[in-house]
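Working through the structure, step by step
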Amino acid sequence: MPLMDQCKDFLSWVDLDTSLKIFKCLDDPADLVRVSCVSRSWRDFVVANGLSKQLCLRMFPQLSRVACVVELNHNGVKEHTEVGSSHPNECLALWKDHRVYSYLAQSCLSPVAMDCISKAIGASSTDNLPQESIDNTLEERDNIGGRFVYWSSSGQSNPNVPETLTYHLASQICVITEINIQPFQAHFQMGSPIYSAKSVRFKMGHLKPSLDDLTDVFVWTYTSPVFPMAQENRLQKFKLPEPVLCIGGILQIELLERVQSQEMDGLLYICISHVQALGIQLSPAFSVDILGPSGMFVLKRDHMANCQPPEPSENESGAALTDRDFQQIVTILRGHVMGVGAVDGWEEEDYEVDDFDEDNAF
C-alpha cells in the first residue's frame with residue numbers, strides 16, 4: 001500500500017479536547033498561521049475554535065474587554081461560509097475574528113521598538129514654569145545651548161509625597177515593553193546632586209468616555225509592579241514583566257519617595273531629564289472605541305492601513321477629543337490629583353496639577 005494512502009489526519013483520530021490542547025501549545029502567531037496552511041481541515045479547526053483570538057488573549061489579557069471586532073475597508077477580502085456552523089452569519093463572524101486577531105498577534109511581535117510617547121499631558125507639580133516643564137522630558141539632550149533641560153517637582157519636606165508625569169502616546173493602541181527614565185543631575189549646584197526618586201511605578205489606560213465625573217479623568221487598565229530607581233545620572237531601563245497592550249494611549253509614571261534635598265532650602269525634590277516608552281504602535285491599522293463606563297471597547301481593523309507610525313501632525317493625536325472635552329480635562333487636572341491615592345502625612349492640596357499646557361497637552 002502506498003505510504004500516502006496510510007497517512008491520516010490526526011484530528012480525525014483524537015477527540016476535540018485533546019486536539020485543542022495540542023494546538024494551544026502553539027504560542028507563536030507564525031506557527032498558528034503555518035498549521036492553518038497544512039490542510040483545509042486544520043485551517044477550519046483553527047478558525048472554528050477561535051484559536052487566534054485565544055492566543056491574543058493569552059498574550060494580552062487587556063483584550064478580554066473587547067465587545068466586538070469591526071473590519072474597515074475590507075472590500076475584496078475573501079469570505080468563507082463553510083466553517084464551524086451551519087449559519088452563514090456565524091461563519092462570517094468566525095472568519096472575521098480570525099483575520100483580525102491573526103494580524104493583531106503578528107503585529108504585536110514586531111522586532112522594531114520605538115519611543116511611543118507623543119506629547120506630555122501634565123505633571124502633578126512643577127517648581128518653575130515654563131523653565132522646568134514636563135515638556136522638557138521629551139528632549140533627549142539634558143543641555144541645549146548651555147541651558148539645562150529637565151522637569152522639576154515642587155519641594156517637599158515629607159519624602160513620601162509622590163509625583164506623577166502623564167503622557168499621551170502616539171498611538172491609540174500600542175504595545176509597551178519598556179519604559180526608560182533618566183534622573184537629572186544638577187551640575188550647577190554644589191556637589192552635583194542627582195534628584196532621582198527611590199522607586200517608580202507605571203500605569204496605562206484611557207480617558208473616561210464621559211468627563212462628568214470630576215474625581216479623575218482616566219481609567220487605568222494596567223498597573224505595573226514597583227521598580228527600584230538608582231540615584232544615578234543615566235537612562236535607567238525598566239522592562240515590564242510582560243508586554244502590555246495599552247488601549248487608549250495614556251501613560252502615567254508614578255515617582256515614589258524622594259531621596260535628594262536641595263541645599264538652598266532643605267526641601268526634597270524629584271527632577272527628570274528624559275523619559276521614553278518603548279514599544280510598537282498599532283495605529284492606523286488598529287483603533288478602538290471605548291463603550292461607556294463599562295470599559296468595554298470595539299476593536300477596529302483597517303485593511304487599507306499597516307501597523308506603522310502615523311505621519312506627524314501638529315493637530316493629530318492618538319485619541320480624538322472635542323474642544324469641550326479638552327477644556328474639561330484642563331479644568332479637572334488643575335484642581336485634582338492625577339490618579340494617586342492619599343499618602344499619610346500630606347494633604348491633597350499639596351499635590352495639585354499645575355503643569356498643564358493647553359497648547360501642547362494633546
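Notes on the structure in this doc start here. Everything numeric here is computed off the predicted structure, so don't read it as measured data.

**Overview of the packing of helix H3 (residues 29-36) against helix H4 (residues 40-48)**
The contact between H3 and H4 brings their axes to 7 Å, and the two run at 135°. Here H4 runs oblique to H3, going by the angle between their axes. Of the residues in H4, those in contact with Leu32, Val35 and Ser36 of H3 are Trp42, Arg43 and Val46. Grouping the constituent residues of the contact of H3 with H4 by class yields four nonpolar, one polar and one charged.

**Considerations on the environment of Val69**
Position of Val69 among the secondary structure elements: in strand E1 (residues 66-72). Once you skip the residues sitting within four places of it in the chain, Val69 turns out to touch Lys96, Asp97, Val100, Tyr101 and Leu299.

**A short note on the packing of aromatic side chains**
Applying the stated rule across the entire model yields eleven aromatic pairs. Ring centres 5.8 Å apart and planes at 25° place the aromatic pair Tyr103 and Phe286 in the stacked group. Placement of the pair is Tyr103 in helix H6 (residues 88-107) and Phe286 in strand E17 (residues 286-291), with a sequence separation of 183 residues. Here Tyr103 falls in the partly exposed class, since its relative accessible area comes to 24%. Looking at Phe286, the relative accessible area reads 0%, which means it is buried. Summarising the aromatic geometry, the rings of Tyr150 and Phe184 are spaced 3.9 Å apart at their centres and angled 10° between planes, so their arrangement reads as stacked. Highlighted residues: Tyr150 in the loop between strand E5 (147-148) and strand E6 (151-152) and Phe184 in the loop between strand E8 (173-183) and strand E9 (197-207), separated in sequence by 34 residues.

**Some thoughts on the pairing of E8**
For E8, the tally of buried residues reaches ten of eleven residues, placing the bulk of the element in the interior. Here E8 pairs with strand E16 (residues 271-281) via nine bridges, running antiparallel. Counted as the bridge partner of Ile181 is Val275 from E16.

**Thoughts on H3**
Of all the positions in H3, only Pro29, Leu32, Val35 and Ser36 are classed as buried. Seen along its axis, H3 keeps its buried residues to an arc of 125°; they face one direction.

**Some details on the packing of helix H2 (residues 16-23) against H4**
When two helices pack together, their arrangement is captured by the angle between the axes and the distance separating the axes. Contact geometry of H2 with H4 gives a least axis separation of 12 Å together with a crossing angle of 90°. Judged by the angle between their axes, H2 and H4 are roughly perpendicular. Counted together, Leu16, Ser19, Leu20 and Phe23 of H2 and Trp42, Phe45 and Val46 of H4 form the full contact between these two elements. Among the residues making up the contact of H2 with H4, the classes are represented as six nonpolar, one polar and no charged.

**Focus on the pattern of salt bridges**
Using the criterion set out here, one finds eight salt bridges in the structure. Across the pair Lys198 and Glu257 runs a salt bridge whose closest N-O atoms are separated by 3.9 Å. Here Lys198 is found in strand E9, whereas its partner Glu257 is found in strand E13 (residues 250-258), with 59 residues between them in sequence. Using a relative accessible area of 32% as the deciding quantity, one classes Glu257 as partly exposed.

Basis of the calculations
- Residues numbered from 1 in each chain as written.
- Predicted model: local features only at pLDDT ≥ 70, side-chain atom pairs only at ≥ 80, totals over all residues.
- Heavy atoms only, no water.
- Axes fitted to C-alpha atoms, helices over the stretch in contact; angles between N-to-C directions.
- Helix = DSSP H or I, 4+ residues; strand = E, 2+ residues; numbered from the N terminus.
- Parallel < 35°, antiparallel > 145°, perpendicular 65-115°, else oblique.
- Contact = heavy atoms within 4.5 Å.
- Nonpolar A, V, L, I, M, F, W, Y, C, P; charged D, E, K, R; others polar.
- Phe/Tyr/Trp six-rings, centres within 6.5 Å; stacked < 30°, edge-to-face > 60°.
- Buried < 20%, exposed > 50% of the residue type's maximum accessible area, 1.4 Å probe, protein only.
- Pairing = 2+ DSSP bridges.
- Arc of directions from axis to C-beta.
- Salt bridge = Lys/Arg side-chain N within 4 Å of Asp/Glu carboxyl O.

Function-wise, these values are silent; they only describe arrangement.
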